[in-house]
Amino acid sequence: MGVDPNPAMLATARERAAAAGAQARFVEGDAYHLPFEDNSFDVVRCERVYQHLDDPTAATAEIARVLRPGGRALLIDTDWQTAILHPGDPAVVARMTAAMLEATPNAKSGRSLRGLLVAAGFVIDDMGSEAVIWDPVTVRPMFDQLGRRALADGVITQQERDDLTAAIDAGIEIGDYLLSVTMFAVLAHLPPH
Ligand SMILES: C[S@@+](CC[C@H](N)C(=O)[O-])C[C@H]1O[C@@H](n2cnc3c(N)ncnc32)[C@H](O)[C@@H]1O
């Protein structure tokens, strides 16, 4: 079963599942009110959703509710504080990142996944992390959007934005760049009873 509140995401998920010949089914719903009975799943996997949640504690309680005793949860999410944009003035990048962190409900979600699971009664089994490294083409729209927002918020000047864009473009040109963010994954289980 897959759950998402966005019908467009559900449509894409259904298409991909059908193409893969998978038996998966998808329903509209949100993390705070999963449309399932108590104790009805062996495993819940939740990826890149917590960063959008303003009440991650409630969502974690909901995951615990639908899992059977002994059931397992895998939470995967980004910690946007770890974003690296190189080259460019680190002070300007830091101000841009801070503005983005301010505007996203739970942008540092990666670091709190473990604590949320422990607080909800889970036992931690494993943790892992991996840096997502973007290619410049993929990240360009996000970089432009971040720059626009930071400029509108008044945390960087037009000159600083132009200089940063020029530095990134020059880095890409000679192959000296790193555009990345760290994802964290935490695997846990509920006590058997
Ligand atoms: C970055 S996408 C990840 C999609 C998918 N989980 C995956 O791993 O490919 C973030 C998803 O979180 C969903 N989302 C946002 N708020 C949510 C909420 N309150 N409950 C459940 N999903 C939510 C969005 O609709 C979007 O599909």
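Higher on the page you've got the structure.
In short, a report on the structure. Not measured: the values here are computed from a predicted model.

**Considering the overall build of the chain**
A count of helices and strands for the chain gives 6 helices and 6 strands. Listed by position from the N terminus, the elements making up the chain come as β-α-β-β-α-β-α-α-β-α-α-β. Across the 193 residues of the chain, 36% fall into the buried class. Long-range pairs, those at least 24 residues apart, make up 82% of the contacts in the chain with a sequence separation of at least 6. Carbon and sulfur atoms provide 55% of the accessible area of the chain, an area that totals close to 10800 Å². Between the averaged position of the 16 positive side-chain charges in the chain and that of its 27 negative side-chain charges there is a distance of 4 Å.

**Considering the environment of proline 105**
Along the chain, proline 105 turns up in the loop between helix H3 (90–103) and helix H4 (109–119). For proline 105, a relative accessible area of 54% corresponds to the exposed category. Sequence-wise, proline 105 and aspartate 54 are 51 residues apart; in three dimensions their C-alpha atoms are separated by 5.4 Å.

**Looking at the pairing of strand S3 (residues 41–47)**
Bridging between S3 and strand S4 (residues 67–86) involves 6 bridges; their strand directions are parallel. Along S4, the bridge assignment pairs valine 44 with alanine 73.

**A few points about a nonpolar patch on the surface**
Taken together, the side chains of Ile84, Ile133 and Leu178 define a hydrophobic patch exposed on the protein surface, amounting to about 260 Å² of accessible area. Residue class for isoleucine 133 comes out exposed when judged on its relative accessible area of 60%.

**So, the pattern of salt bridges**
A complete count under the given rule lists 9 salt bridges for this structure. Aspartate 38 is the salt-bridge partner of arginine 65, the closest N and O atoms lying 2.7 Å from each other. Here aspartate 38 lies in the loop between strand S2 (26–28) and S3 and arginine 65 lies in helix H2 (residues 56–66), a separation of 27 residues in the sequence. Residue class for aspartate 38 comes out partly exposed when judged on its relative accessible area of 49%. Between aspartate 42 and arginine 68 there is a salt bridge; the shortest N-O distance is 2.5 Å. Here aspartate 42 is found in strand S3, whereas its partner arginine 68 is found in strand S4, with 26 residues between them in sequence. The partly exposed category is assigned to arginine 68, whose relative accessible area is 34%.

**Things to note about the environment of isoleucine 174**
Within the element layout of this structure, isoleucine 174 appears in helix H6 (residues 158–174). On a C-alpha basis, the gap between isoleucine 174 and valine 139 in space is 17 Å, while along the polypeptide they are 35 residues apart.

**Points about the pairing of S4**
Between the parallel elements S3 and S4, the chain passes through H2 in a crossover that is right-handed. By the bridge criterion, 11 bridges tie S4 to strand S6 (residues 178–189) in an arrangement that is antiparallel. Bridging from a neighbouring strand, leucine 75 pairs with valine 186 of S6.

About the thresholds
- Residues numbered from 1 in each chain as written.
- Predicted model: local features only at pLDDT ≥ 70, side-chain atom pairs only at ≥ 80, totals over all residues.
- Heavy atoms only, no water.
- Helix = DSSP H or I, 4+ residues; strand = E, 2+ residues; numbered from the N terminus.
- Buried < 20%, exposed > 50% of the residue type's maximum accessible area, 1.4 Å probe, protein only.
- Contact = heavy atoms within 4.5 Å.
- Areas by Shrake-Rupley, 256 points an atom, 1.4 Å probe, with all protein chains shown as cover.
- Lys, Arg positive; Asp, Glu negative; His and termini not counted.
- Charge placed at Lys NZ, Arg CZ, Asp CG, Glu CD.
- Pairing = 2+ DSSP bridges.
- Patch = residues over 30% accessible without salt bridge, like charges linked within 9 Å, V, L, I, M, F, W, Y side chains within 5 Å.
- Salt bridge = Lys/Arg side-chain N within 4 Å of Asp/Glu carboxyl O.
- Right-handed = clockwise from strand over helix to strand, strands pointing away.

As far as function goes, none of this settles anything; it's purely spatial.
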